[in-house]
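# Close look at the chain arrangement
The residues making up each chain are set out below.
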Amino acid sequence: QVQLVESGGGLVQPGGSLRLSCAASRVILSPYTMGWYRQAPGKQRDLVATITSGGTTKYANSVKGRFTISRDNAKNTVSLQMNSLKPEDTAVYYCNRRVGPVDYWGQGTQVTVSS
């Protein structure tokens, strides 16, 4: 069974940084577009950033200039560097792999931005 495992979440003060990682077992990630999504309490799950197999990136307007998605094919991981964090970035962050109409998700990692 394919598994995506997120790590790196935690509590950080406004203006701080965190780096999230997504590791995969039983699947090679390099051929696929990978993404990070987030879901705040009581809200829908929203796209944060995606990266194609060729390295093309796309970001939600709310995180442009602050977040950077990257992939390390040698390590079979996808990362999300988050800088200048704001309280409104507080959410559970999920790693995503989409294969046609099917979405594969990790279990999520909590990010809390608070003073």
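A few points on the structure. Since this is a predicted model, take the numbers as computed values, not measurements. (Residues numbered from 1 in each chain as written. Predicted model: local features only at pLDDT ≥ 70, side-chain atom pairs only at ≥ 80, totals over all residues. Heavy atoms only, no water.)

For the rest of this paragraph, the subject is the sheet that holds strand β1 (residues 3-7). Each strand in a sheet pairs with another by means of backbone hydrogen bonds, the pair being arranged parallel or else antiparallel. Spatially, β1-β3-β8-β7 is the arrangement adopted by the four strands of the open sheet, whose pairing is antiparallel. Here the strands that pair on one side only, and so sit at the sheet edges, are β1 and β7 (67-72). Across the sheet, the axes of successive neighbouring strands diverge by a mean angle of 15°, strand direction being ignored. (Pairing = 2+ DSSP bridges. Helix = DSSP H or I, 4+ residues; strand = E, 2+ residues; numbered from the N terminus. Axes fitted to C-alpha atoms, helices over the stretch in contact; angles between N-to-C directions.)

Following the criterion strictly, the structure yields two aromatic pairs and no others. Ring centres of Y37 and W105 lie 5.1 Å apart, and the angle between their planes is 80°; on these two criteria the pair is classed as edge-to-face. You can see Y37 sitting in strand β4 (residues 34-39) and its partner W105 sitting in strand β10 (residues 102-105), a full 68 residues away along the chain. Seen from their ring centres, Y94 and W105 are 6.3 Å apart, and the 85° between their planes marks the pair as edge-to-face. One end of the pair, Y94, is in strand β9 (residues 91-99); the other, W105, is in strand β10, with eleven residues separating them in the sequence. Y94 sits in the buried class, given a relative accessible area of 13%. One aromatic cluster is present, formed by Y37, Y94 and W105 through successive ring pairs. Just above the ring of W105 sits the side chain of R45; from NZ or CZ to the centre is 4.5 Å. Sitting over the ring of Y104, R97 keeps its end group 4.9 Å from the ring centre. (Phe/Tyr/Trp six-rings, centres within 6.5 Å; stacked < 30°, edge-to-face > 60°. Buried < 20%, exposed > 50% of the residue type's maximum accessible area, 1.4 Å probe, protein only. Lys NZ or Arg CZ within 6 Å of the ring centre and 35° of its normal.)

As a further point, take unusual backbone geometry. At R26, a position not held by glycine, the phi torsion is positive, near 70°. Locating R26 in the fold gives a position in the loop between β3 (18-25) and β4. One non-glycine residue, S84, lies in the positive phi region at around 50°. Relative to the helices and strands, S84 resides in the loop between β8 (77-82) and β9.

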